[in-house]
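Architecture and fold: a report
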Amino acid sequence: MAEDNHGSSQNMSAMSMSHKELGDEDARAVRVGDAARTNERLEFAGNAVRTAKYSPLTFLPRNLFEQFHRLAYVYFLAIAVLNQLPQLAVFGRGASVMPLAFVLTVTAVKDAYEDWRRHRSDRAENNRLAAVLSPGEGESAQFDFAPAKWKHVRVGDVVRVEANESPPADMVLLATSDATGVAYVQTLNLDGESNLKTRYAKQETLTTPLDRLAGAVIRCERPNRNIYGFQANLELPGETRRIPLGPSNIVLRGCDLKNTAWAVGVVVYAGRETKAMLNNAGTPTKRSRLETHMNRETLFLSVILIVLCSVVATLSGVWLRAHQTDLELAQFFHKKDYLKTDKDDDNKNYNYYGIAAQIVFNFLMAVIVFQIMIPISLYISMELVRLGQAYFMIRDAKLYDESSDSRFQCRALNINEDLGQVKSIFSDKTGTLTQNKMEFRCASIDGVDYSDITRQQPVDGEPAWVPKVPVNVDREVVEMVRNGGDTEQGRNTREFFLALATCNTIVPLIMDGPDPKKKVIDYQGESPDEQALVSAAAAYGFALVERTSGHIVIDVLGQKQRFDVLGLHEFDSDRKRMSVIIGCPDKTVKLFVKGADSSMFGIIDKTLNPDVVQATEKHLHSYSSVGLRTLVIGVRELSQAEFQEWQMAYEKASTALLGRGNQLRSVAANIERNMRLLGASGIEDKLQEGVPEAIEKLRQAGIKSLDDAISMVNKLRSLSTGSQSRVPLALIIDGNSLVYIFDTDREEKLFEVAIACDVVLCCRVAPLQKAGIVDLVKKRTSDMTLAIGDGANDVSMIQMADVGIGISGQEGRQAVMASDFAMGQFRFLVPLLLVHGHWNYQRMGYMILYNFYRNATFVFVLFWYVLYTGYTLTTAITEWSSVLYSVIYTAVPTIVVAILDKDLSRRTLLKYPQLYGAGQREENYNLRLFIFIMMDSVWQSVAVFFIPYLAYRNSAIDSASLGDLWTLSVVILVNIHLAMDVIRWTWVTHAAIWGSIVATWICVIVIDSIPSLPGFWAIYKVMGTGLFWALLLAVIVVGMIPHFAAKAISEHFMPSDIQIAREMEKSQDSHDVSHPEVQLSTIARA
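Definitions and limits used
Residues numbered from 1 in each chain as written. Predicted model: local features only at pLDDT ≥ 70, side-chain atom pairs only at ≥ 80, totals over all residues. Heavy atoms only, no water. Salt bridge = Lys/Arg side-chain N within 4 Å of Asp/Glu carboxyl O. Helix = DSSP H or I, 4+ residues; strand = E, 2+ residues; numbered from the N terminus. Buried < 20%, exposed > 50% of the residue type's maximum accessible area, 1.4 Å probe, protein only. Polar contact = N/O pair within 3.5 Å; in protein donor to acceptor, adjacent residues only side chain to side chain. Contact = heavy atoms within 4.5 Å. Expected span 1.5 Å × (residues − 1). Bend = angle between axes of the 7 residues up to and from the residue. Axes fitted to C-alpha atoms, helices over the stretch in contact; angles between N-to-C directions. Left-handed = near helix turned anticlockwise from the far one by under 90°. Pairing = 2+ DSSP bridges. Phe/Tyr/Trp six-rings, centres within 6.5 Å; stacked < 30°, edge-to-face > 60°. Lys NZ or Arg CZ within 6 Å of the ring centre and 35° of its normal. pLDDT = per-residue confidence, 0-100.

Quick notes on the pattern of salt bridges
Taken as a whole and assessed by the stated rule, the structure comprises 43 salt bridges. Between Arg 28 and Glu 273 there is a salt bridge, with its nearest N and O atoms 2.7 Å apart. Residue Arg 28 is located in strand β1 (residues 28-31), and its partner Glu 273 is located in the loop between β13 (262-269) and α10 (275-278); the two are separated by 245 residues in the primary sequence. Using a relative accessible area of 5% as the deciding quantity, one classes Arg 28 as buried. For Arg 906, the salt bridge is made with Asp 396, and the minimal N-O distance between the two is 2.9 Å. Separated by 510 residues along the polypeptide, Arg 906 in helix α31 (residues 906-911) and Asp 396 in the loop between α13 (377-394) and β16 (409-410) bring together distant segments of the chain.

Right under this line is the structure:
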């Protein structure tokens, strides 16, 4: 199989060509060294950056506006406003506002702290110092530069950057400390790639003093976020010729200058217009499926609330109608105010607006009294629980990658529970399933296959140059290279390795090794494939030892030779190949081309050596069938006429702003033809540790896999098929086929075939096609989708999926920055999903249902009381207890349990992956469970209210004392209900549950000890009687009977898989259930 992935920069080349190519009228004109004139007509963005969201003036209104996007907050705000009206005031005005104010304040403090950190980071960044060329100062460059803060740098300024420094803005290179104009940069902070890249200053600016560049004008494209593309040209003073500028001539903000003493450049993009800032976009907001389903239950609770309020309002109207003749003399509800009269000496109406108005008032008052039916505390509880869950995921040693020293990252706190419901995984191959560390394995040269590993051995002898990455060499090929120069096959073999050493963009860094006689070469480049090929060429005696902007030096079998780089056509995803024109020491000009087989065989002259072509095609099929990445190499000697014709066409195309990309591709296509086939290479990208076992675990868990690499068919073929009666099915499809499927009626057919398969593999697909596959499944199923990748080409897929995971790999950090979660190895998916995902889903689902049950029980107690008080909506429970019920009395235990409780141990969940299906089937949160808990809440509210009521109905007890008993009863009951469902007890769980009950007692006693509050001393009157304690016990026993019976029946007669596994944990010996996380063994090479 030909592999078209040549590093992340090449992966993004499609993005480069996707940008609109601009003409002169759309170009930005930058005057070198003259920021004032550059910004005179059109003020460009300053260099000050701002990542903070708020300012002191905008924080309060903007933060409140964002928080009130939650409709529940609008609901509670309306409730608080209604309670301020005298006719509707049920609670004290302060007490009614406190719950909403508490939630808003906590969220605002969190947001303010996060934004304060952004402001601090912005200030530190903007106040860094840069060396800026002072206008009109002396000729000596040593004194031309003066320090200036980064925020004061403008477009057009000439800036000097020292070694290991970062440029303050995007700048076009004018000169460097290297005589050839080369500068080496590291883009680690920009895209995570640690390999050095080469950037060049044009010879025309390199040899021109800075004072003579003052009138030069750079015309460049408008700011865009493509960090791998740049189009511009330069006009020097007094010249009409335009000098082309491209991606190799610009150094971006966020890069670091390495192995270069200094570099001077002119700023073309500053501040928010730099490519780094344009790419500084956060990941799209995602909502968990549980939270989406929660809206459905919230709607049902709203219906219940409306029904309760309607019942109360209707019955109040009936009562008023029946007693309207008695209202004038009613002690607490008289119609007339006998202290005030009108002009006719009739008494004015007092607090009475007619039956219809009273019905409306009672309905609104009922909404205020029963408002906690929709739990406002649930939202803040969910945030705290997710934060706690994220902490334990981050601290999990099983998710720590020692090789990269990276911990698990939780970048999106709002979808933790979605990890427990994944049904489909979409995975990149290179760098995600594989190590992205390429190793040269074999080659087909001049039609001869050199893939026999028995002939491979380390390099012998005493070579002067040793590649940093060791390469095993084929003894027969080594003999051919060293002693076969007089034969045609020997010459072709030498030319093959010469092509590998020249046709690349690798930068060699020479280092001292342990042996002083040997120099170690560290090959730096954007493509791991190129690094492997150049290292292989060095091992066989063709060592690339020097690269400048115009030539390279290769040690050919111990003799240094200079090769002039006359032209280069970089790899792009359309051509799927790259080419270089080399001026050889023997004065010949040769064109070397390498690329994917699908691209190369179209330009190979098959009439030159048809037998070699046929044999090479056979070898390529053999290499790809064992999972190797293959490239085809060709050569053609150019005549002087051909070279000059190409040079003129290339210069014309490279200076154009309008249509430059298409013109350059056309020039490349014209020269890349009639090539002579040299051979093909096979590179192995080994699987990461534990990948086959991890995929098998996920398959057992009922998760389907969709991958983007055909080579996985062979690499994963050793996986067992289990005891399935049918043969597992796999679908393999390439990017070209997807072009004719997407956005047509064939999409449905593809979907039908895909869901019938156990695995789907897509090869040679574009980034948007990856996202299209994810969208295909999302639109047609309710499956929870997860996408995982490590490269910039995986960003679209990661953002499209319900859950996006980035791998901290070799291809940069763009995938990590766009992801919801990030980790170091693919195998970590097993503990992440099967353990943490299961725990998170089970605990969050239970917490949401428990909050609904807890608040509904309290509301129903209030409802029963209203029915016995003339529907006046007075409450025996104090307003402060009503407010504190969801905040202090019952909030902490559910948060602690949702963070710490574990229904099953880690080893059981890993030993039986099928248990993950509970989340996929939504067993822990569904409409049936919601109905059951609402029925339970009704029963428990009946027990809480009617048992004390029936006991005290003929006594002289006051309503405040009875209200305290109801408060304590419901708090104790719901906490014991929670305690009955706890699986793993810790001291923190004990402290939270029993401590909340104690805290409730303390709060009730304190409230009843304040003389200014209603119910003063009530708790002391009732708590001293034996009946009080007997009623508490009776309420608990009677209230818990249905819940206890339901648990006993379900666990003994209808146990779920989770309950069966839990019993197995109890009964089995710990040695029998011990199980490793994932077997860390790699698959054998085919």
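Here we look at the side chain of Gln 825
With respect to the helices, strands and loops of the structure, Gln 825 is situated in the loop between β37 (821-823) and α28 (829-867). Within polar-contact distance, the side chain of Gln 825 engages the side chain of Asp 401 at 3.4 Å. Dropping the residues within four chain positions of it, Gln 825 is found in contact with Asp 401, Ser 403, Gln 688 and Ile 807.

Here we look at helix α37 (residues 1026-1053)
Helical geometry: 3.6 residues make up each α-helical turn, so side chains three or four residues apart lie on a common side. In a regular helix each residue adds 1.5 Å, so 28 residues correspond to 40 Å; α37 covers 40 Å between its end C-alpha atoms and thus fits that length. Ile 1041 marks the point of greatest bend in α37, at about 40°, and the proline Pro 1042 comes within the next four residues. Every buried residue of α37 is listed here: Phe 1028, Leu 1031, Leu 1032, Val 1035, Ile 1036, Gly 1039, Met 1040 and His 1043.

Description of the packing of helix α34 (residues 959-981) against α37
It is the contact of α34 with α37, at a shortest axis distance of 10 Å, that shows an interaxial angle of 35°. Seen from above, α34 lies across α37 with right-handed handedness. When α34 is examined against α37, the residues Leu 965, Leu 968, Ser 969, Ile 972, Leu 973, Ile 976, His 977, Met 980 and Asp 981 are found in contact with a partner set consisting of Phe 1028, Leu 1031, Leu 1032, Val 1035, Ile 1036, Gly 1039, Met 1040, His 1043, Phe 1044 and Lys 1047.

Re the pairing of strand β36 (residues 803-807)
Across the 5 residues of β36, 5 count as buried, placing the element largely inside the fold. Residue alternation in β36 divides its side chains into two sets, Val 803, Ile 805 and Ile 807 and Gly 804 and Gly 806, and both sets are buried. Summarising the sheet, strand β35 (residues 784-789) and β36 pair through 4 bridges and their orientation is parallel. Within the sheet, the bridge partner assigned to Ile 788 lies in β36 and is Ile 805. Relative to β37, β36 runs parallel, the two being bridged by 3 bridges. In the sheet register, Ile 807 faces β37, and the bridge partner there is Met 823.

Remarks on the packing of aromatic side chains
Going through the model one piece at a time under the given rule, you end up with 32 aromatic pairs. Relative to Tyr 540, the ring of Phe 497 has its centre 4.5 Å away and its plane inclined at 25°; by these criteria the two rings are stacked. Of this pair, Phe 497 sits in helix α15 (residues 488-502) while Tyr 540 sits in the loop between α16 (528-539) and β25 (542-547), and the two are 43 residues apart along the sequence. Ring geometry for Phe 1016 against Trp 1017: centres 5.6 Å apart, planes inclined by 50°, an arrangement best described as tilted. Taking the relative accessible area as the measure of exposure, Trp 1017 reaches 42% and is therefore partly exposed. Among the aromatic residues, ring-to-ring pairing joins Phe 370, Phe 860, Phe 863, Trp 864, Tyr 865, Tyr 868, Phe 945, Phe 946, Tyr 949 and Trp 966 into one connected group. Over the aromatic face of Phe 44 sits the side chain of Arg 28, whose NZ or CZ is 3.9 Å from the ring centroid.

Notes on the sheet that holds β1
What holds strands together in a sheet is hydrogen bonding between their backbones, with the strands either parallel or antiparallel. Read across the sheet, 4 strands follow the order β1-β8-β9-β10 without closing on themselves; strand pairing throughout is antiparallel. Either end of the sheet is taken by a strand with one partner, and the two such strands are β1 and β10 (242-245). Taken pair by pair, the neighbouring strands of this sheet meet at an average axis angle of 25°, ignoring direction.

Considering the pairing of strand β6 (residues 182-187)
Of all 6 residues making up β6, 6 are buried, and the element is well covered by its neighbours. The two faces of β6 match: Val 182, Tyr 184 and Gln 186 on one face and Ala 183, Val 185 and Thr 187 on the other face are all buried. Where β6 and strand β12 (residues 256-258) come together, 3 bridges link them in antiparallel fashion. Paired with Gln 186 across the bridge in β12 is Asp 256.

Brief notes about the confidence of the model for the chain
With 87% of its residues at a pLDDT of 70 or more, the chain shows a mean pLDDT of 83. Low pLDDT, under 50, characterises residues 1-22; the predicted model gives this stretch 72 contacts beyond four residues in sequence or across chains. pLDDT under 50 marks residues 709-724. Its contacts with residues more than four places away, or in other chains, come to 43 contacts.

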